[in-house]
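Survey of secondary and tertiary structure
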Amino acid sequence: MFDIKQTKPICRPAGEVGRRVANLRYVYLLTAFVSIGALLFGYDQGVMGVIVADSRWISTMKPANSWVTGAVVSLYDIGCLIGALSIGFMADHYGRERTLSIASMIFIIGAVLQSASFNITSITIGRVILGFGVGTCAGGVPLYVSEIAPAGLRGRIIGIEQMILCFGELIAFWLNYGFNFLETPDWWRIPLAIQIIPAVILAVGCWLWVPPSPRWLVQQDRHECAREVLAQLHGDEAADLQIAEIAEEVAFEKAVATATWRDMFKAPVLRVTLLATGVQFFQQITGTNSILYYTPSLFERGGITDPKTANLATGGVGVVLFVFAWVPIFLFDRLGRKTWLQIGLVGMCAAMIGITVLQWHAEGHPGDNGNYAIVAFPYLFYVFFNISWGVGSWTYATEIFPVMSRAKGNALSTASLWLSCYIVAQASPPIASAIGWGLYIIYSCICVLAFVFVRYAMVETRGKTLEEMSALFGIESKLARRSAVDVDAKANVIRIEESTPDDLS
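What counts and how
- Residues numbered from 1 in each chain as written.
- Predicted model: local features only at pLDDT ≥ 70, side-chain atom pairs only at ≥ 80, totals over all residues.
- Heavy atoms only, no water.
- Helix = DSSP H or I, 4+ residues; strand = E, 2+ residues; numbered from the N terminus.
- Rg over C-alpha atoms; globule rule 2.2 N^0.38 Å.
- Buried < 20%, exposed > 50% of the residue type's maximum accessible area, 1.4 Å probe, protein only.
- Contact = heavy atoms within 4.5 Å.
- Areas by Shrake-Rupley, 256 points an atom, 1.4 Å probe, with all protein chains shown as cover.
- Lys, Arg positive; Asp, Glu negative; His and termini not counted.
- Charge placed at Lys NZ, Arg CZ, Asp CG, Glu CD.
- Expected span 1.5 Å × (residues − 1).
- Disulfide = S-S within 2.5 Å.
- Phe/Tyr/Trp six-rings, centres within 6.5 Å; stacked < 30°, edge-to-face > 60°.
- Axes fitted to C-alpha atoms, helices over the stretch in contact; angles between N-to-C directions.
- Left-handed = near helix turned anticlockwise from the far one by under 90°.
- Nonpolar A, V, L, I, M, F, W, Y, C, P; charged D, E, K, R; others polar.
- Salt bridge = Lys/Arg side-chain N within 4 Å of Asp/Glu carboxyl O.

**Some remarks on the overall build of the protein chain**
When you go through the protein chain residue by residue, the secondary structure sums to 26 helices and zero strands. Since a compact globule built from 505 residues should have a radius of gyration of about 23 Å, the 23 Å found for the protein chain is in line with a globular shape. Overall size of the protein chain, expressed as C-alpha extent along the three principal axes, is 85 × 50 × 40 Å. Within the span of the protein chain, comprising 505 residues, buried residues form 60% of the whole. Residue pairs in contact within the protein chain that sit at least 24 positions apart in sequence constitute 85% of those at least 6 positions apart. Just so you have it, the protein chain exposes about 19100 Å², and 67% of that area is on carbon and sulfur atoms. Seen as two clouds, the 36 positive and the 39 negative side-chain charges of the protein chain have centres 2 Å apart.

Next comes the structure, spelled out in structure tokens:
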């Protein structure tokens, strides 16, 4: 009988002997491969901005006004939101890696529809379907890589994913720039179709090669398989310690909680739900995709009227994103999560103020060579965003939930990100049309609110294992008191759960 979830035994390769040591190369290889899902995410974030501003696309699609253009871009985010919420069911039932495979298959369907469209309705439907796949990948990749990463390198591992995401944005920017020189009015179909290739690779690889998450295997009561995956990743000695800790935490949570959707909105889990959804909401509402989606329009309002120059400057955004995505890989785990997020907000706010001033200047001085200075400020924004929020919000949101609630929590936090992304994408064009540079004053103020949230609401998690998060946020002790279970006797909970009825009689 066909089963979507991985059910084959995971055993040590025949003929392999001796104690195994940590294999970080394998951890990095798995991270890089599943991060093809992040590449698809980044590619689609970057590919539409130039396309919807192109006169040939407008001539073919004939959008009625800026709200319709905004809808083509932003309804994709609704598909992403639905896809993100699906993680809460699929990642728990089918496994993290099979969820990514299914998401890739759905992505392929949407990409085909999108690239073959001839009217607003068909391209919007294609983008919603494709968005479902992107939303599932966007949340599913950090969920998986956080569960295979050593605690001290979790920020670096998600940093690798973020770097690959930014590489996707870079590819999108420069493919758009190159294909834009073609004389055909259908040039935009090529960059929309190319993304099918990596989606096929991800779908096949996650189904046939990528191992299940060891945390998911323990939830499925496949402890020996989980221990083998951990040994392949972190070595035998670390695997023995980790499997005991994971099994202990999972058994304890099964004994004291049910991990339903309703529980996500009830104390004591409600606190981490609000923190995770909050940090992901602020990641987008501070304006990153307002710049990314509409960079050519931002430059046009800043006085850069030549479309080729604006597109070239837009391609520079992709370069900045990619170059500075390398910084967290080497530095993120050296400082606390809160420290990086606060540093980022200071720079992001300064960049928004710079955009405001330069657009205001361009209104009164059209044609002034000084208007070209506006190019620097989106670049500055992404320097600070990529060293902080690009990695920090995803790391924080995926690591703070209890083991049994992690998939649902990641679904909710990722859905929060896509909701704010939708708001930004839909509202930015009409607000910019109505108040011009005033849009970036709004984003500057939101950056200040986000700073207050980070400083006073968030709890530092650097260096903690995933199994330590429940205790850090007080969830463990509160659930134990509610169920009249002694937290210090968690090991006994495991022994009781693993005993047979005959043992207990």
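**Let's talk about helix α22 (residues 438-457)**
One full turn of an α-helix is made of 3.6 residues, so residues set three or four places apart face in the same direction. Counted at 1.5 Å a residue, the expected span for α22 with its 20 residues is 28 Å, and the 29 Å between its end C-alpha atoms agrees. Those residues of α22 that sit buried are Gly438, Leu439, Tyr440, Tyr443, Ser444, Ile446, Cys447, Ala450, Phe453 and Val454.

**Things to note about the state of the cysteines**
Under the counting rule described, the total for this entry stands at zero disulfides. The closest cysteine sulfur to the non-disulfide-bonded cysteine 166 is located on cysteine 421, 14 Å from its own sulfur. Classification of cysteine 166 as buried rests on a relative accessible area of 0%. Cysteine 225 takes part in no disulfide bond, and the closest cysteine sulfur, belonging to cysteine 11, lies 6.5 Å away.

**Brief notes about the packing of aromatic side chains**
A complete count under the given rule lists 13 aromatic pairs for this structure. When the ring of phenylalanine 33 is compared with that of tryptophan 209, the centres are 5.4 Å apart and the planes differ by 80°; the resulting orientation is edge-to-face. Note that phenylalanine 33 is positioned in helix α1 (residues 24-34) and tryptophan 209 in the loop between α9 (196-208) and α10 (214-219), a separation of 176 residues in sequence. Of the residues examined, phenylalanine 33 reaches a relative accessible area of 17% and is grouped as buried. Judged by relative accessible area, tryptophan 209 falls into the partly exposed class, the value being 39%. Taking 6.0 Å as the distance between ring centres and 85° as the angle between the ring planes, the aromatic pair formed by tyrosine 76 and tryptophan 418 counts as edge-to-face. A residue pair is termed long-range when its members are at least 10 positions apart, and tyrosine 76 in helix α4 (residues 66-93) and tryptophan 418 in helix α21 (residues 406-435) qualify at 342 residues.

**A word on the packing of helix α18 (residues 337-364) against helix α20 (residues 389-399)**
A packed helix pair is summarised by two numbers, namely the angle formed by the two axes and the spacing between the axes. Taken N-terminus to C-terminus, the directions of α18 and α20 make an angle of 145°; their axes are 9 Å apart at the nearest point. For the pair α18 and α20, the crossing hand works out as left-handed. Contacts between α18 and α20 pair Arg337, Leu341, Leu345 and Met348 from the former with Trp389, Gly392, Ser393, Thr395, Tyr396 and Glu399 from the latter. Grouping the constituent residues of the contact of α18 with α20 by class yields five nonpolar, three polar and two charged.

**A few points about the side chain of glutamine 195**
Here glutamine 195 shows up in the loop between α8 (189-194) and α9. Glutamine 195 gets classed as buried once you look at its relative accessible area, which sits at 1%.

**Focus on α20**
Along α20, 11 of the 11 residues are buried, which leaves the element largely enclosed by surrounding structure. Along α20, the residues classified as buried are Trp389, Gly390, Val391, Gly392, Ser393, Trp394, Thr395, Tyr396, Ala397, Thr398 and Glu399.

**Focus on the pattern of salt bridges**
Following the criterion strictly, the structure yields 17 salt bridges and no others. One salt bridge in this structure joins lysine 266 and aspartate 263, with 3.9 Å as the shortest N-O distance. Looking at lysine 266, the relative accessible area reads 38%, which means it is partly exposed. Through salt bridges that share partners, Arg19, Arg20, Arg227, Glu228, Asp236 and Asp240 make up one connected network.

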